[in-house]
Amino acid sequence: MNQESPVVNPTAQTPTGLRGPGIFLAQFMSADAPFDTLANIAQWAASQGYTAIQLPTSGTQYIDLARAAESQEYCDELKATCAQAGVQISELSTHLQGQLVAVHPAFDALFDDFAPAHLRGQPQARTEWAVEQLKLAARASQRLGLTAHATFSGALLWPYLYPWPQRPSGLVEQGFAELARRWLPILDCFDAAGVDLCYEIHPGEDLHDGASFERFLQAVDHHPRAAILYDPSHLLLQQMDYLGFIDRYHERIRMFHVKDAEFRPDARSGVYGGYQGWVDRPGRFRSLGDGQIDFKSIFSKLTQYDFSGWAVLEWECCLKDSQQGAAEGAAFIRQHMISKTRKAFDDFAGVTADEDSNRRLLGLLR
């Protein structure tokens, strides 16, 4: 394709501090108003109290990814549509396309529905399409002035998660080497666009916890654009320390999904869930405030580490209606936002500070 115009510098200013509330629209897409068009859903999101929307890019209902990658005029129109409604685009998402970058054959039939109909039953062509989709997303994000992008890593090793039968020596290493081979050209494309590629750490993906992310990071030679979409719900359901995760990986956390969850194991099932539906599993996703996640501590830690991304609601609840969850979510996020202090609380009691005074206090000058 011929580019309509060169991409201009998308980051005229660098935002500081946690921003929000935003909302991820994937779970709200519908053929019915107000969820049918970008203009309508942007107005709906603003009416619920959100200031940003995170756009899924599968299909063309809200955004034509190929067109956005090539046309600055089109991207400006998208931004104007959102601005008129009172929101902005926080990030784009290629969760479904990212999943197709790496698919184990055991899941071919299930994941075929994530691809266009003419590619179904053609795993290699499907993967090539997915890779191109990610590259389009990098350029589209750049034209929209975005600095982060959400995706899944896909999975080649998920069938071998539990080591029984014993995994052959070298299988995991070879799997991550192949995963890195597929993602490195995409990461380079995002680097050229000045956009961080944020993998949602998520069961079902090869990047599902800190250890697997570290393996991947090593395999891509610590690529500067390989980043994390932090969603504490997926860590809680694995019984991980989701607060310590921020301490350990805050330098790579560039996106944040605000999603609640609860884990209540019993005598029948635990982390694996016993093949039960979501309502009956010990680990369940819940609407904000209905689960066990300590969001006060999460927002405090992200503020402590100067996280400057968006706090984006991802609604997934096995009990509460989506519109009720959305209506409650904006206020919940807003209540947890922290304006970081610019001075120490005890500055009023400050004393003169200079080298001689400090030496005197140390007893070095008399």
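Residues numbered from 1 in each chain as written. Predicted model: local features only at pLDDT ≥ 70, side-chain atom pairs only at ≥ 80, totals over all residues. Heavy atoms only, no water.

The next thing to look at is the UniProt feature "domain: Xylose isomerase-like TIM barrel" (unreviewed entry) in the protein. The UniProt entry lists residues 43-335 under the feature "domain: Xylose isomerase-like TIM barrel" (unreviewed entry), expressed in the numbering used here. End-to-end, the C-alpha atoms of residues 43-335 are 22 Å apart, and along that stretch the chain is 43% helix and 15% strand. (UniProt positions renumbered as here; feature names shortened; annotations may be inferred. Helix = DSSP H or I, 4+ residues; strand = E, 2+ residues; numbered from the N terminus.)

Among the secondary structure elements, Gln238 is positioned in the loop between α9 (232-236) and α10 (242-249). Not counting residues within four places of it along the chain, the set of residues in contact with Gln238 comprises Pro203, His208 and Asp209. One polar contact links the side chain of Gln238 to the main-chain carbonyl oxygen of His234, over a distance of 3.1 Å. (Contact = heavy atoms within 4.5 Å. Polar contact = N/O pair within 3.5 Å; in protein donor to acceptor, adjacent residues only side chain to side chain.)

On to unusual backbone geometry. The step from Gly20 to Pro21 runs through a cis peptide bond, and the omega angle for that step is 0 degrees. Checked against the element boundaries, Pro21 lands in strand β1 (residues 19-24). In this structure, the amide linkage connecting Ala33 to the following residue, Pro34, adopts the cis form with an omega of 5 degrees. Relative to the helices and strands, Pro34 resides in the loop between β1 and α1 (38-47). Residue Asp221 is not a glycine yet carries a positive backbone phi of 55 degrees. Within the element layout of this structure, Asp221 appears in the loop between α8 (210-219) and β6 (226-230). With relative accessibility at 65%, the residue Asp221 sits in the exposed group. (Buried < 20%, exposed > 50% of the residue type's maximum accessible area, 1.4 Å probe, protein only.)

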